[in-house]
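A structural walkthrough
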Amino acid sequence: MSNTTELAIATASEVASALSGMQTGGHEQVVHFYDQATGLKAIVAIHNTHLGPALGGTRMWAYKSEAEALTDVLRLSRGMTYKAAITGLNLGGGKAVIIGDAKNQKSEAMLRRFGKFVNGLAGRYITAEDVNISTRDIEYIAMETKHVTGLPEILGGGGDPSPVTAYGVFLGMKASAKEAYGSDSLKGKKVLVQGVGKVGQSLVEQLSNEGAQVWVNDINQDNLKAITTKVSGVQVADSATMFDLDIDIYAPCALGATVNSDSLSRLRCSIIAGAANNQLADEDIHGQMVKEKGILYAPDFLINAGGLINVSVELDGYNRQRALLKTENIYDAAMNVFSIAKAQNIPTIQAAKHLAEQRIDGVGRIRLSY
Ligand code: NAD
């Protein structure tokens, strides 16, 4: 295989730190896969299966070391447990990473080998798409295992989950408006959407249809051009000054950790609600800081669960209407989180995590007793 980048050998302290992450994170199982013939190096992390099989996408990334990949898959799989639990799905949390450069190293053989490995887990882990894994890649994986979801529509799957994710984020934002302003109308609200990729673009369209005033920011000029051409009245915000804008709602739809001490020292919005995973740079510190600033934070793993709901519906035979209906539960779930956070005077992220943990403990125990 050409252009194979050498993976840095992890230092003993890197491995020790990743393993301690596994212990403190409470993971059930972590499996490393190597296949010399196809160059496959993958890790599957199964965080929790109390509510059902662990479902979570596969991410392909050129990690600098195996320890870095392990840290990422442990963090991501834990997030999936919370997302499935709070959304009321009978699924656990898991995730997979393939270590490598997707542009140069991904091949049909590698993906099918990965499918065989997933199959060996006998359904404890169900895979799906994530960063750098397309529906085409999912087709290859599906040739070797039935424990995969997120197939293209022409093969009976749900296709790209992004519009469903965007719908859930939109509803989570409306619930936030209801809590913060007493009405869930977003008409006239000034919203900054950071990241106008697949989810961001669909969200901007829904916001614009509702009469919101939208600013967008992206490092990809093509995506900026696409959305400003498609939706009239959308304005582009400069990266250096966007957090100083006079806005009502900030919607992080690009990367994680954008809600941090720097952005919070400048943001003057009343709501943060977006699609990105792990928006709070530090859940404890910035969850509390957001609360102290009087900003209502819609927990990311709750309001961006539409994509997970979409692929989970496919497991019983895909139906778009059903996926959208189930996604609509995000509105009430968000209102419930806000009300608990207010009653207990805790950050909304903590309230959401407590709710998820309660369901894992309560329903999980009943399930295990069968
Ligand atoms: P995407 O890759 O299609 O879009 C991401 C956009 O963010 C791109 O346009 C990219 O150029 C932009 N971006 C990257 N870095 C940026 C930066 N520093 N500043 C501004 N813009 C930047 O991804 P997506 O599918 O739209 O997902 C968006 C986010 O939502 C991701 O964090 C993803 O993990 C999360 N998410 C997506 C789904 C889904 O169904 N697609 C589900 C749950 C969570």
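Refer to the structure printed above.
Details of the overall build of the protein chain
For the protein chain, the count of helices and strands is 15 helices and 11 strands. Taken over the C-alpha atoms alone, the protein chain extends approximately 55 × 50 × 45 Å along its principal axes. Here the protein chain holds 370 residues, and 54% of them are scored as buried. Relative to all contacts within the protein chain whose residues are 6 or more apart in sequence, the contacts with residues 24 or more apart total 66%. Accessible area of the protein chain: about 16000 Å², with a carbon and sulfur share of 51%. Looking at the protein chain, you have 35 positive and 38 negative side-chain charges, and the mean spots of the two groups are 3 Å apart.

Quick word on the pairing of strand β5 (residues 125-129)
With 4 of its 5 residues buried, β5 lies for the most part within the structure. Pairing analysis gives 5 bridges linking strand β3 (residues 54-61) to β5, with the strands arranged parallel. Counterpart to L55 in the pairing with β5 is I126.

What about helix α10 (residues 283-292)?
Of the residues making up α10, those classed as buried are H286, G287 and V290. On an axial view of α10, the arc spanned by its buried residues comes to 105°, and they lie on one face. In α10, the exposed residues that point more than 90 degrees away from the buried face are D284 and E292. Two or three places before D284, at the start of α10, stands the capping residue D282, its side-chain oxygen 3.0 Å from that residue's backbone nitrogen. Of the residues trailing α10, G294 is marked for its positive phi of about 75°.

Examining the pattern of salt bridges
Evaluation of the coordinates by the stated rule reveals 20 salt bridges. Between K95 and D130 there is a salt bridge; the shortest N-O distance is 3.1 Å. Here K95, found in strand β4 (residues 92-99), pairs with D130, found in the loop between β5 and α5 (135-142); they are 35 residues apart in sequence, far enough to count as distant. Given the relative accessible area of 18%, D130 is considered buried. In this structure, the salt-bridge partner of D246 is K190, at a minimum N-O distance of 3.2 Å. Residue D246 is found in the loop between β8 (235-236) and β9 (249-252), and its partner K190 is found in strand β6 (residues 190-194); the two are separated by 56 residues along the sequence. According to the relative accessible area criterion, D246 is partly exposed, its value standing at 47%. Here the residues in one salt-bridge network are R59, D72, R75, K95 and D130, joined through shared partners.

With respect to the packing of helix α6 (residues 162-181) against helix α14 (residues 329-344)
Two elements in contact, α6 and α14, have axes separated by 8 Å at closest approach and are oriented at 40°. By the angle between their directions, the pair α6 and α14 is classed as oblique. Relative to α14, α6 is oriented so that their crossing is right-handed. Here G168, L171, G172, K174, A175, S176, K178 and E179 of α6 lie close against α14, whose contacting residues are I330, Y331, A334, M335, F338 and K342. Class assignment for the residues of the contact of α6 with α14 results in 7 nonpolar, 3 polar and 4 charged.

Here we look at the nonpolar core
By size, the foremost hydrophobic cluster in this structure holds 81 residues, and its most contacted members are V193, L203, L207 and I272. The biggest single contributor to this core is α14, with 8 residues. Shared between two domains, this core takes at least three residues from each, and those domains are domain 1 (12-83 + 91-148) and domain 2 (162-351). Those residues in contact with L207 that lie beyond four places of it in its chain are F170, M173, L186, V191, V193, A212 and V214. If you look at the next biggest cluster of nonpolar residues, it comprises 24 residues, including A42, V44, A96 and I98.

Quick notes on the sheet that holds β4
Across the sheet, which stays open at both edges, the 5 strands sit in the order β1-β2-β4-β3-β5 with mixed pairing between neighbours. Of all the strands in the sheet, the pair left with one neighbour each is β1 (29-35) and β5. Across this sheet, the average inter-strand angle for adjacent strands is 25°, counted without regard to direction. Note that β1 and strand β2 (residues 40-48) share 7 bridges and pair antiparallel. Counted as the bridge partner of Y34 is K41 from β2.

The rules we used
- Residues numbered from 1 in each chain as written.
- Predicted model: local features only at pLDDT ≥ 70, side-chain atom pairs only at ≥ 80, totals over all residues.
- Heavy atoms only, no water.
- Helix = DSSP H or I, 4+ residues; strand = E, 2+ residues; numbered from the N terminus.
- Buried < 20%, exposed > 50% of the residue type's maximum accessible area, 1.4 Å probe, protein only.
- Contact = heavy atoms within 4.5 Å.
- Areas by Shrake-Rupley, 256 points an atom, 1.4 Å probe, with all protein chains shown as cover.
- Lys, Arg positive; Asp, Glu negative; His and termini not counted.
- Charge placed at Lys NZ, Arg CZ, Asp CG, Glu CD.
- Pairing = 2+ DSSP bridges.
- Arc of directions from axis to C-beta.
- Polar contact = N/O pair within 3.5 Å; in protein donor to acceptor, adjacent residues only side chain to side chain.
- Salt bridge = Lys/Arg side-chain N within 4 Å of Asp/Glu carboxyl O.
- Axes fitted to C-alpha atoms, helices over the stretch in contact; angles between N-to-C directions.
- Parallel < 35°, antiparallel > 145°, perpendicular 65-115°, else oblique.
- Left-handed = near helix turned anticlockwise from the far one by under 90°.
- Nonpolar A, V, L, I, M, F, W, Y, C, P; charged D, E, K, R; others polar.
- Core = buried A, V, L, I, M, F, W, Y, C linked by side-chain atoms within 4.5 Å.
- Domains from an automatic or database assignment.

Take it as geometry only, folks, not as evidence of what the structure does.
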